[in-house]
Amino acid sequence: EFQGIFLNWYERDHSVVSSDAQTPASETSAQKEDKEVTALSRTSLVRLLRSVGLKVESHDRDRLNNKISEISEHAQGHIEFADFLRLMRWLLDQDFCGISRLQV
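Criteria and cut-off values
Residues numbered from 1 in each chain as written. Predicted model: local features only at pLDDT ≥ 70, side-chain atom pairs only at ≥ 80, totals over all residues. Heavy atoms only, no water. Salt bridge = Lys/Arg side-chain N within 4 Å of Asp/Glu carboxyl O. Helix = DSSP H or I, 4+ residues; strand = E, 2+ residues; numbered from the N terminus. Patch = residues over 30% accessible without salt bridge, like charges linked within 9 Å, V, L, I, M, F, W, Y side chains within 5 Å. Areas by Shrake-Rupley, 256 points an atom, 1.4 Å probe, with all protein chains shown as cover. Buried < 20%, exposed > 50% of the residue type's maximum accessible area, 1.4 Å probe, protein only. Axes fitted to C-alpha atoms, helices over the stretch in contact; angles between N-to-C directions. Parallel < 35°, antiparallel > 145°, perpendicular 65-115°, else oblique. Left-handed = near helix turned anticlockwise from the far one by under 90°. Contact = heavy atoms within 4.5 Å. Nonpolar A, V, L, I, M, F, W, Y, C, P; charged D, E, K, R; others polar. Phe/Tyr/Trp six-rings, centres within 6.5 Å; stacked < 30°, edge-to-face > 60°.

Caption draft 1: Molecular detail of the pattern of salt bridges. Here the structure, examined in full by the defined rule, presents four salt bridges. Lysine 67 is paired through a salt bridge with glutamate 70; the nearest N and O atoms lie 2.9 Å apart. Taken together, the residues lysine 67 and glutamate 70, both in helix H4 (residues 58-71) and three residues apart, mark about one turn of the helix.

What follows is the structure, given as structure tokens:
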């Protein structure tokens, strides 16, 4: 189920990025696909958390950003699926923004 959620939000995030980004004429679509990494942006991750009913305040966002920086291998803080699973475990262990009380 986590993989489906992750991929759904990746598709939302990716469709926004794709419509804004321009591919150089010399780059083929196959080359572009080889470079792509399936990862969520920090913004998409916060939107995902809000969509399930979490109220992410600024101090919570700071904690979240620190954790993303800690577990993500990407300089921009994008979250790949394995990182997403680690982050979900941390959210539950920390009861981040009362996530354990949600009835999703």
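Caption draft 2: Spatial organisation of a nonpolar patch on the surface. A cluster of nonpolar side chains, contributed by Phe2, Ile5 and Leu85, occupies part of the molecular surface with about 230 Å² of accessible area. Position of phenylalanine 2 relative to the elements: it lies in helix H1 (residues 2-20).

Caption draft 3: Structural context of helix H3 (residues 42-51). Of the positions making up H3, those classed as buried are Ser44, Leu45, Val46, Leu48 and Leu49. Downstream of H3 by a residue or two, glycine 53 has a phi angle that is positive, lying close to 105°.

Caption draft 4: Local environment of the packing of H3 against H4. Two numbers describe how H3 lies on H4: the axes approach to 12 Å, and their chain directions differ by 130°. The orientation of H3 with respect to H4, classified from their angle, is oblique. Note that H3 runs across H4; the crossing there is right-handed. Here H3 contributes Arg42, Leu45, Val46, Leu49 and Arg50 to the contact with H4, which in turn contributes Arg61, Leu64, Asn65, Ile68 and Ser69. When the residues that make up the contact of H3 with H4 are grouped by side-chain class, the tally is five nonpolar, two polar and three charged.

Caption draft 5: Local environment of the packing of aromatic side chains. This structure, assessed with the given rule, holds five aromatic pairs. Consider the rings of phenylalanine 6 and phenylalanine 81, whose centres lie 5.4 Å apart with planes at 65°: the pair is edge-to-face. Here the residue phenylalanine 6 occupies a position in helix H1, and phenylalanine 81 occupies one in helix H5 (residues 81-94), the gap between them amounting to 75 residues. Classification of phenylalanine 81 by relative accessible area gives partly exposed; the value is 25%. Measuring from ring centre to ring centre gives 5.3 Å for phenylalanine 6 and phenylalanine 84, while their planes differ by 50°; the resulting arrangement is tilted.

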